[in-house]
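Coordinate inspection notes
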Amino acid sequence: MARKSKKKAPPPPPPAADDDGGAATSTEEESLGPDDDAMSVDAEVPAIDSDGESGEDDGDTKEATAGSAKGKKSAKKKGKQSKGAGAPTKASDAMPFMDTFYQLSDDAPIARAAAGRDLLRHCFPTGGDVNAKDAAYALTRLMNGLCTGRAASRQGFAACLASFLQVAHASGGWEEILTEDEGASKLRGERGANSAAIVRQKLLSITEFISDEEGDKGKKGKKDPKQRFGGKMKGIEERDHVFGRLFGISAVVRSGILGADDFPAKVVEGYVQDLIDLYRYKNWMREPAAHAMIELLSSIDANPDLVARVANGVLVPKFFLAPCAEDKGAKDVNHSDRAQWLNALTPEQIAVALHLQTPPLGEIEYAYPLDEPLVTAASIPILAAALGSTSHVVHPRCHVVWNGLWKYLTLEEEGKDLRMLRSNEEFPALVNSLVENVVLGGLLGKGEGSAGPTNERRSLALQLVVALCGASDLNMTLPPDLIGTVLCPEVVTRVFVNVLCASGGKKGKEGGVEHHLKPLTVKALEELVNRSCNSDDVLRRMEMAKAFLRTDPRFDGKTKTSTVGSLLMLDDSGSEDAERQSTREALWQNYLSFLEEEIVAATSLHGATVHIELMYKLAKRSLASALADAARRVVRFFMSGAFFDCSGLVDPSAPSKKSAKKKKKGKAEAVATSSPPQELSSGLRIKELLQVGNMTSVSHPARSIMSARFYSLLSDFVSVINSQNRGGLKDKSFYNGKGSKPESIYRALSEICGISTLLETSGAKMFQAPSDSMAGDDASDEEDPMEASKKCMLQLQNVANDALVKECGGSGDEEALRAKSVFATGCASLMLSLFLQLNSCGSPDVEGDEDEEEDVAEAVHEYISDLADCVDGLLKAMEDAQSAEKADEDENPLAALAGLLVNILSSPVGGEGFGKTSPAQASASKLTRETVKLAWSGTVSMITTSSKSDNSLAKLVDEDVMSILIESVCGEKAMAEEDEEEEEGDDSSKGSDSSVDDAVFVNATKSGMDLEEDDNSESSEESEGSRQDSSDEEEGDDDVELDPTKLENLLLEDSDAEMEEGGVLEHHAGADKALAQLIKLRQEARKASQTERERVELCNRLRCVGLLEGLFSASVFKSGWLPVEAVLGSIVPLLRARKAIGKSIAASTSTNAKKSLSEKNALMDRISSLVKDKISKFRCADDSTSEEVAFKAAADVFEELKQSLNVAHCSCSSVALIIAVRCIPKMEGSAEVKTIYAEAVVDWSTRKATKIHACAFHDLIQRMPSLAVVVLLDPLLTAASDAHSAFLKCESVKLLSSIYKHDTPNPEEHFSSTARSAMKGNCSKVSVALGNALGDSSLQKAKHREEVLTAIKHFVHFVKAQDAGILTDAELCALQKSLKGVNCKSAGMKQQCSQLSEAVAGLARRVEGNEEQKPKRPKASKTPKTSKKAKKSKKSGS
């Protein structure tokens, strides 16, 4: 090279990572066979590491850093070796020149960088001179080192050679260096080439294994290209030279000298030809050679003329058009035919061609066949086979052709680390063709004639999809409208779903083998989602979520990932800043638009149902936010789509045609277009979607599901409002302000009804129920039920609005106005919920049973009318105080309201009906139940408030009201006497045996069949069935048909048969067996029907418990207006109902009976909670009138207590007895109360068949300790000695212990003076009883003695806590003697007796004359002197 060129060459590109992974890959791959194509471009094509940075003339002495963390770790592992000779830090510490060549092979990149720096400093000193002799030697050594496969020598020598060439070219010292090089001088003399050509020839000669003369000895005197690097020695040495040439050319390319102005173009063409020769050497060398070609072209892209010369002069004729000997049939290709030429291209040729046609090189004029774009939508099907063949390059690396293709399609955006799709109209179609023909057709096996998908092909398809979606290192970003093209349902299913849902590799199952790719797929999917979530493009995230949802609406649940949830921020738990809220709101609105499209366009019920459920779940999530815009939109959509025909809906804000005609043509003013009302937006949206799909309306099954979710969502609205008001979250409620819970719910339901009215007035037609259409056909003078119900609803809405206005005005008693508004809004909410049930989905497409819907509609109309009357009656009673006194003449409005609410909860309108119930009706009943509670609580609240000033409304709670409420929970005639109820129950049970099939059973009985055997038990049925089966097997009969219709046909099979000549009709052999089976089926059907009816009745009773709970609330008891008769009169029916349910549970042994077992348990628990937790808080305020009622209630409850079913029922009865006794005036002095509990203790302790349990007395001790002392102390003392079993004696002692355990007054109920005097007065008896219990022979077990000792401890503590002595010295000594006389083997119990004995000895004594005797100190037992000496001697010895 000429020395006159003093201009510095441009610096090389930034050094790539040169880590241990690359070195290991290079050494390993070089040992592979020639047919293995596992070449890694990143490893085999050397990356210029940091060696070259030290070759600048500025004398930079900084150490080169490693390109990767892995290299750093390996450098640390080298220890002293890397620190000593490989990484000097100062110029004076530079390693010797000859040692640098050895360090260039070090595995640590930092050691190689230091060695290269010192080598360059030695050859090119900073003074400007060139150490020509050593530089020439270094050039030869560096080129020779390329052919060495030891450690990381190829990477280190290639990197150092690149820096060497760069510095030598910039310093202009080539002439001196080549002069000192004998081999270079010989080449100059032989060929007369310049410096650049000499360097190339020197590289070729070093990396060529045989001389040219020997290489020319091929067949027929011509040089065989395949034997270019062959010769006497084959194998690894040949591979080393091949890789050495590749690395050498790459070093020249990365040095940057090819792009210099003074660099000969002919030499550049020579290097290109050398790479072409490498490409044709072996198949596994094709990709590295193509990669090197692309780098070479990139290094000269600043010179378009040179690129055109190289491309047209070398690449086109010798690379693209010349056939390759390795390709079979390549010689038969007609290159003039473009289609044949495209079909013969290899992936590497495609990669080089794409690079040449990528801007800015794409603007150069190329010769045929590069004169036209290589990759087009039309050519992709031809190139698909070549592109699909790159699947042998496994993850994590893709073939070089794909990076070339992505760069060809995209353009790097300035200022952003993004590559956007170039503005070419054909590129969207190209992407579509690429997905269709390569990904689906070639890799995933969808195309005709394509091989089945393998793990390698699926892996490549996954990488291509992820790259197109922007999750690769190139960060390629396609337009949002192309996301659906890339992530089409077939791609998502085959690439993601089948892999993630693999069952573990079983070949018999679809996708089973794909579990090997699951970790890779999960990682790729997470990266895809993270890249999308980090971007601010809402449309892109939405399109990606749509792609997964279109494949499977339950994608997250099926794949067990959170892909869709993360994209749509459904599970967002991050910070709630304004930007995130805005993004989430935009995503959810777009998501709702997508779901609306899918629901309307759904062709199957399953498709519509799945998307309706997704919309419903989104609405429930939106309820947690303050505005809940998404939930409101969903409610409007469900309502508009389920109940209205929106085809005729008109936007009232849209300009009419007449107004448009009146405008002047020359008028320049812009007409502002107003958006439609928000209430009509969903209806107009449905109309638009129906027009797009050429549909008339949404299908009836889809409307039914939408109606069910509409009512469910309204119920959720009500529940959320309840929780928000209950938690005090007024600022986050739907309707801010100081409004009450009923008011908030009333406003929400009023808004829904307002939307319905607006839809009707704007042209939408409400679907008519079949009953309404039939009523319209029958013209009559009667008023339309729908209009009458609407009139009642509007009337009650006016009442509620007036009450709210008066409350806001504040004129009058604020508390009374508030109570009236709560009552009015609660009843109005119930009215609105009932009116919403009149909405219909229209007639079904298929005819079905419509009688049930008609019955429900009629019931709703009736309930609406009755509710309006009840509200009017209660308002009049509130305004007129005398209306309560006229209860004998007029109907009690409260009783009417209670009956109405019970009927609603016991019917399909608000509860559960017998038979098949539609999903919409079931969801609507949930909303009705919520509003029923609201109306009842509002009514009770109004009575509570008014009772403070006037007790007239309280008188409305009479026997009729309580009978209705009690019977709704306990069953019909629950208020009657028990004997009458049992007699009537027996009669009803006898009458219930009759059924429609009486004739069948009578006939069967006459024929001699015993029908009672089938009803006895399951075991008898099983044994009978087993006997019948065995007999069938013996007789060889076939299986008996169990279809009732077939059995009936079998019975009548011979009805028309002709008689034989004798006149006797033939008897069918299977008729008897068929008749038996028919009877059995009828019986089982009847039992199942009865069980279902019983279950429904239990559910309805369970719902009615809430009415009693609302009446027996703490606020009502606190106000004291509830009559004592109402409370005490309800206890016994509740206990009887609970006992009946308990008996039913115990008798539930059959399969049918167990179906309602959960409902029975739930009802029994609710009744128990009602008695123990609600009614137990009742305190009687009027002592004058409550005594007789309380005595009667106590007597009745005591009878129930004596007939307790089990311990739980006994505990519930005992609490009920305490409630009744608490209402008795001066109960501690009442002889009747003492008699009741005395009899109870005697019955419990003496009768073996007693039904009373100890919990009855324990509850009294815990709840009323003072009364327990007065009434239980004497009976328990007697029971402690006279009980008929040791267990009962022990229980008596335990109860005495509980009484005396209250040594300090209870903070809730203090001991009365009577109770304290009774406790002190009976201490002597208690002391004797406890002493006798210690000596009782029946209480000698350890557990019994432990209970007695515990009782003594509590008793001693009580006596000790008194101010004066209670027991005499004789009594205490007797107790102490009993303690000392306990004969036990347990050391712990002996110690406890000793401690108690000492405590008794320390108690104060009581003497006659009320003088207190000081306690005697117990004498300590003296230790004998001998023992003391022995102890001392032991201590001294130790």
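In this text, all values refer to a predicted model and were calculated from it rather than measured experimentally. (Residues numbered from 1 in each chain as written. Predicted model: local features only at pLDDT ≥ 70, side-chain atom pairs only at ≥ 80, totals over all residues. Heavy atoms only, no water.)

1. A few points about the overall build of the chain
Helix and strand content of the chain: 65 helices and 7 strands. Buried positions account for 48% of the 1438 residues belonging to the chain. Sequence-distant contacts, at least 24 apart, represent 73% of the contacts inside the chain between residues at least 6 apart. On the chain, roughly 69,900 Å² of surface is accessible, and the fraction owed to carbon and sulfur atoms is 50%. (Helix = DSSP H or I, 4+ residues; strand = E, 2+ residues; numbered from the N terminus. Buried < 20%, exposed > 50% of the residue type's maximum accessible area, 1.4 Å probe, protein only. Contact = heavy atoms within 4.5 Å. Areas by Shrake-Rupley, 256 points an atom, 1.4 Å probe, with all protein chains shown as cover.)

2. Description of the sheet that holds strand S2 (residues 419–421)
Note on sheets: strands pair through backbone hydrogen bonds, and any given pair is parallel or antiparallel. Taken in spatial order, the 3 strands of this open sheet run S1-S2-S3, and their pairing is mixed. Of all the strands in the sheet, the pair left with one neighbour each is strand S1 (410–412) and strand S3 (476–477). As paired strands, S1 and S2 are joined by 3 bridges and run antiparallel to one another. Bridge pairing in S2 places threonine 410 opposite leucine 421. Strands in contact with helix H20 (residues 400–409) are S1, S2 and S3; relative to S1, the strand with the most contacts, it is inclined by about 75°. (Pairing = 2+ DSSP bridges. Axes fitted to C-alpha atoms, helices over the stretch in contact; angles between N-to-C directions.)

3. Focus on the nonpolar core
Within the largest apolar cluster, 386 residues are counted, with the highest numbers of intra-cluster contacts made by Leu315, Trp406, Phe548 and Leu1272. Of all the elements, helix H39 (residues 851–879) adds the most residues to this core, at 12 residues. (Core = buried A, V, L, I, M, F, W, Y, C linked by side-chain atoms within 4.5 Å.)

4. Things to note about the packing of helix H56 (residues 1231–1246) against helix H58 (residues 1265–1282)
Closest axis-to-axis distance for the H56/H58 pair is 9 Å, and the angle between their directions is 30°. Considering the relative orientation of H56 and H58, their crossing is right-handed. Between H56 and H58, the residues in contact are Val1233, Lys1234, Tyr1237, Ala1238, Val1241, Trp1244 and Ser1245 and Leu1267, Val1270, Val1271, Leu1272, Pro1275, Leu1276 and Ala1279, respectively. Residue composition of the contact of H56 with H58, by class: 12 nonpolar, 1 polar and 1 charged. (Left-handed = near helix turned anticlockwise from the far one by under 90°. Nonpolar A, V, L, I, M, F, W, Y, C, P; charged D, E, K, R; others polar.)

5. A short note on the pattern of salt bridges
Under the defined criterion, the tally for this structure stands at 36 salt bridges. Between glutamate 1200 and lysine 1139 there is a salt bridge whose closest N-O contact spans 3.5 Å. Here glutamate 1200, found in helix H54 (residues 1183–1202), pairs with lysine 1139, found in helix H51 (residues 1131–1146); they are 61 residues apart in sequence, far enough to count as distant. Among the residues examined, glutamate 1200 registers a relative accessible area of 2% and is labelled buried. Lysine 1139 gets classed as buried once you look at its relative accessible area, which sits at 5%. Between arginine 1405 and aspartate 1369 there is a salt bridge; the shortest N-O distance is 2.9 Å. (Salt bridge = Lys/Arg side-chain N within 4 Å of Asp/Glu carboxyl O.)

6. Focus on the packing of helix H35 (residues 741–761) against helix H37 (residues 785–809)
Where H35 meets H37, the axes come as close as 12 Å, and the angle between the chain directions of the two elements is 140°. It follows from the interaxial angle that H35 and H37 lie oblique. Seen from above, H35 lies across H37 with left-handed handedness. On H37, the residues touching Glu743, Tyr746, Arg747, Ser750 and Cys753 of H35 are Met793, Gln797, Ala800, Asn801 and Leu804. Taken together, the residues that form the contact of H35 with H37 break down as 5 nonpolar, 3 polar and 2 charged. (Parallel < 35°, antiparallel > 145°, perpendicular 65-115°, else oblique.)

7. What to know about helix H19 (residues 380–388)
Among all positions in H19, only Ile380, Leu383, Ala384, Ala386, Leu387 and Gly388 are buried. For H19, the elements touching its buried residues are helix H17 (338–344), helix H18 (347–357), H20, helix H21 (427–443) and helix H22 (455–468).

8. Overview of the packing of aromatic side chains
Under the defined criterion, the tally for this structure stands at 21 aromatic pairs. Between phenylalanine 496 and phenylalanine 548, the aromatic rings sit 6.0 Å apart at their centres with planes inclined by 75°, giving edge-to-face as the arrangement. You can see phenylalanine 496 sitting in helix H24 (residues 489–500) and its partner phenylalanine 548 sitting in helix H26 (residues 538–551), a full 52 residues away along the chain. Here phenylalanine 496 and phenylalanine 548 have matching classes, each one buried. The ring of phenylalanine 101 has arginine 141 sitting right over it, with the charged end atom 4.4 Å from the ring centre. The ring of phenylalanine 767 is capped by arginine 703, whose NZ or CZ atom sits 4.2 Å from the centre of that ring. (Phe/Tyr/Trp six-rings, centres within 6.5 Å; stacked < 30°, edge-to-face > 60°. Lys NZ or Arg CZ within 6 Å of the ring centre and 35° of its normal.)

9. Quick look at the environment of proline 359
Topologically, proline 359 is positioned in the loop between H18 and H19. Along the chain, proline 359 and tyrosine 408 lie 49 residues apart, while their C-alpha atoms are 7.7 Å from each other.

10. Digging into the side chain of aspartate 240
Along the polypeptide, aspartate 240 turns up in helix H13 (residues 236–255). At 3.4 Å, the side chain of aspartate 240 and the side chain of arginine 154 are in polar contact. (Polar contact = N/O pair within 3.5 Å; in protein donor to acceptor, adjacent residues only side chain to side chain.)

11. Some words on the side chain of serine 840
The residue serine 840 is located in the loop between helix H38 (814–836) and H39 in this model. A polar contact is formed between the side chain of serine 840 and the backbone nitrogen of glycine 842, at a distance of 3.1 Å. Those residues in contact with serine 840 that lie beyond four places of it in its chain are Ala642, Phe643, Phe767, Gln768 and Ala769.

12. What about helix H7 (residues 132–145)?
The α-helix winds at 3.6 residues per turn, so residues separated by three or four positions along the chain end up facing the same way. For H7, which comprises 14 residues, the first-to-last C-alpha distance of 20 Å matches the rise-based estimate of 20 Å (1.5 Å per residue) to within 8%. Three or more residues of H7 are buried, namely Ala132, Ala135, Ala136, Ala138, Leu139, Leu142, Met143 and Gly145. (Expected span 1.5 Å × (residues − 1).)

13. As for a negative patch on the surface
A contiguous patch of negative charge, built from Asp536, Asp537, Asp577 and Glu579, is present on the exposed surface. By secondary structure assignment, the location of aspartate 577 is in the loop between helix H28 (563–567) and helix H29 (578–601). (Patch = residues over 30% accessible without salt bridge, like charges linked within 9 Å, V, L, I, M, F, W, Y side chains within 5 Å. Lys, Arg positive; Asp, Glu negative; His and termini not counted. Charge placed at Lys NZ, Arg CZ, Asp CG, Glu CD.)

14. Observations regarding the environment of asparagine 424
Along the chain, asparagine 424 falls in the loop between S2 and H21. Of the residues examined, asparagine 424 reaches a relative accessible area of 33% and is grouped as partly exposed. Placed 14 residues apart in sequence, asparagine 424 and threonine 410 show a C-alpha to C-alpha distance of 9.9 Å. In terms of polar contacts, asparagine 424 uses its side chain to reach the backbone amide nitrogen of glutamate 426, at 3.0 Å.

15. Re unusual backbone geometry
For the bond from proline 359 to proline 360, the omega torsion is 5°, close enough to zero to count as cis. A cis geometry characterises the amide bond from tyrosine 368 onward to proline 369, with omega recorded as 10°. Along the chain, proline 369 falls in the loop between H18 and H19. Although it is not a glycine, methionine 569 sits at a positive phi angle of roughly 60°. Structurally, methionine 569 is set in the loop between H28 and H29. The phi dihedral of asparagine 694 falls on the positive side, at around 55°, and the residue is not glycine. The topology assignment puts asparagine 694 in the loop between helix H33 (678–692) and helix H34 (700–726).

16. Comments concerning the environment of leucine 342
Inspection of the secondary structure puts leucine 342 in helix H17. On a C-alpha basis, the gap between leucine 342 and leucine 383 in space is 6.6 Å, while along the polypeptide they are 41 residues apart. With residues up to four places along the chain from it excluded, the contact list for leucine 342 reads Leu374, Ser379, Ile382 and Leu383.

17. Some points on the confidence of the model for the chain
The predicted model of the chain averages 78 in pLDDT, with 74% of residues at 70 or higher. Taken as a whole, residues 1–89 scores under 50 in pLDDT and shows 200 contacts with residues more than four places along the chain or in a different chain. In this model residues 658–673 is a low-confidence stretch, pLDDT under 50, and it forms 1 contact with partners more than four residues away in sequence or in other chains. (pLDDT = per-residue confidence, 0-100.)

18. Re the state of the cysteines
Under the counting rule described, the total for this entry stands at 0 disulfides. Left without a disulfide partner, cysteine 1212 is nearest to the cysteine sulfur of cysteine 1210, which lies 10.0 Å away. Taking relative accessible area as the criterion, cysteine 1212 reaches 0% and is therefore assigned buried. (Disulfide = S-S within 2.5 Å.)

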